[in-house]
Amino acid sequence: ADFDVVRGSAATRVNAEGLIESVAANIPRIDYTTGEGVVLLEPQSTNLITYSEDFSQWSVVGTPTITSNYGVSPDGTQNSTRIQFATSDRIFIGATMSGNIAFSVYLKGIGVIRLRDNDNSNGLDVTLTSDWVRHTLSFNDTITNVQIQQAVGTSDLEIYGAQLEALPYATSYIPTSGAIATRLADSVTGAG
């Protein structure tokens, strides 16, 4: 049966080739994240990270080497960032919030890194691989920033698409470049 999709903003999906792409407002998103096409229906969400792709704008502890536009990201363009971490290096970006939190980011490379909150009371250790993988740290707490740090030894990684949401799970990627951004909710009518 025919149906209508209403969404008052553009939004992203993973296409059949496995790449992240933008879809215009009020257009259905057929998402292939799992390898099978499904209609993507999500609630409204905001990416509270102001620089989701430009990691040179994040604060640093230690001396990580950050190289912008290093490799091909999950959106198929040369805009991933390379970060070379030594022991105790980390990057972070401010975001004050309380409640359900989902911090996600696409990573690939060599080494073990940790996604964490400001006081390291919530964290996820990630062993990197040669393929892009979206990793998500979900928790309920009060934070002032999120961080990516060296967990063991050294790491050489590529990073893309950092996202921080006030939800207990990560939703489709919402790009930002200097300010937070909101994707409006999907609504379907006439589906029977």
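Reading guide: rules and limits
Residues numbered from 1 in each chain as written. Predicted model: local features only at pLDDT ≥ 70, side-chain atom pairs only at ≥ 80, totals over all residues. Heavy atoms only, no water. Core = buried A, V, L, I, M, F, W, Y, C linked by side-chain atoms within 4.5 Å. Buried < 20%, exposed > 50% of the residue type's maximum accessible area, 1.4 Å probe, protein only. Helix = DSSP H or I, 4+ residues; strand = E, 2+ residues; numbered from the N terminus. Polar contact = N/O pair within 3.5 Å; in protein donor to acceptor, adjacent residues only side chain to side chain. Contact = heavy atoms within 4.5 Å. Patch = residues over 30% accessible without salt bridge, like charges linked within 9 Å, V, L, I, M, F, W, Y side chains within 5 Å. Areas by Shrake-Rupley, 256 points an atom, 1.4 Å probe, with all protein chains shown as cover. Salt bridge = Lys/Arg side-chain N within 4 Å of Asp/Glu carboxyl O. Pairing = 2+ DSSP bridges.

**Some words on the nonpolar core**
- Counting 26 residues, the largest nonpolar core has W58, L107, I113, L115, I148 and L164 as its most contacted members.
- Those elements that place two or more of their residues in this core are β9 (81-85), β10 (90-117) and β12 (133-165).
- Of the residues forming this core, the biggest block, 10 residues, is contributed by β10.
- If you look at the next biggest cluster of nonpolar residues, it comprises five residues, including V14, I20, Y106 and Y160.

**Describing the side chain of D186**
- Along the chain, D186 falls in the loop between β13 (181-183) and β14 (187-189).
- There is a polar contact of 2.6 Å between the side chain of D186 and the side chain of R29.
- Other than its neighbours up to four places away in sequence, D186 contacts V6, R7, R29, L40, L41 and E42.

**Details of a nonpolar patch on the surface**
- There is a patch of nonpolar side chains on the surface, built from F3, I30, V39, L41 and V188 and spanning about 360 Å² of accessible area.
- Residue V39 is classed as partly exposed on the basis of its relative accessible area of 36%.

**Focus: the environment of N79**
- Tracing the chain through its elements places N79 in the loop between β8 (65-67) and β9.
- Looking at N79, the relative accessible area reads 15%, which means it is buried.
- Considered as a pair, N79 and V38 are 41 residues apart in the sequence and their alpha carbons are 27 Å apart.

**Regarding the pairing of β10**
- As judged from the three bridges shared by strand β7 (residues 59-61) and β10, these two strands associate in the antiparallel manner. Bridged to V60 within β10 is I91.
- Bridge count for β10 against β12 is 30 bridges, and the pairing is antiparallel. Looking at β12, one finds that S98 is bridged to T142.
- Of the pairings in the sheet, the one linking β10 to strand β11 (residues 123-127) comprises five bridges and is antiparallel in character. The residue of β11 that forms the bridge with V112 is T127.
- Between β10 and β11, which follow one another and run antiparallel, lie five residues, and N120 among them has a positive phi close to 65 degrees.

**Things to note about the side chain of S45**
- When you line up the elements, S45 lands in strand β6 (residues 45-47).
- Looking at S45, the relative accessible area reads 4%, which means it is buried.
- Looking at S45, its side chain comes within polar contact range of the side chain of E165, at 2.6 Å.
- Discounting chain neighbours no more than four positions away, the residues touching S45 are E165, L167, T171, I174, A181, T182 and R183.

**What to know about the environment of V14**
- Of note, V14 is situated in strand β2 (residues 11-14).
- Since its relative accessible area comes to 14%, V14 is described here as buried.
- Separated by 26 residues in sequence, V14 and L40 have C-alpha atoms that sit 9.9 Å apart.
- If we skip the residues at most four places from it in the chain, V14 touches L19, I20, I30, D31, Y32 and T33.

**A word on the environment of Q44**
- Looking at where Q44 falls in the secondary structure, it is placed in the loop between β5 (38-39) and β6.
- When sequence neighbours within four positions are dropped, the list of residues in contact with Q44 reads T182, R183, L184 and A185.

**Notes on unusual backbone geometry**
- Despite not being glycine, N26 shows a phi value in the positive range, around 65 degrees.
- Examined against the element boundaries, N26 turns out to sit in the loop between β3 (20-23) and β4 (30-31).
- The class of N26 is partly exposed, set by a relative accessible area of 41%.
- With a phi angle near 65 degrees, N120 is a residue other than glycine that sits in the positive phi range.
- Inspection of the secondary structure assignment puts N120 in the loop between β10 and β11.
- Judged by its relative accessible area of 32%, N120 falls in the partly exposed class.

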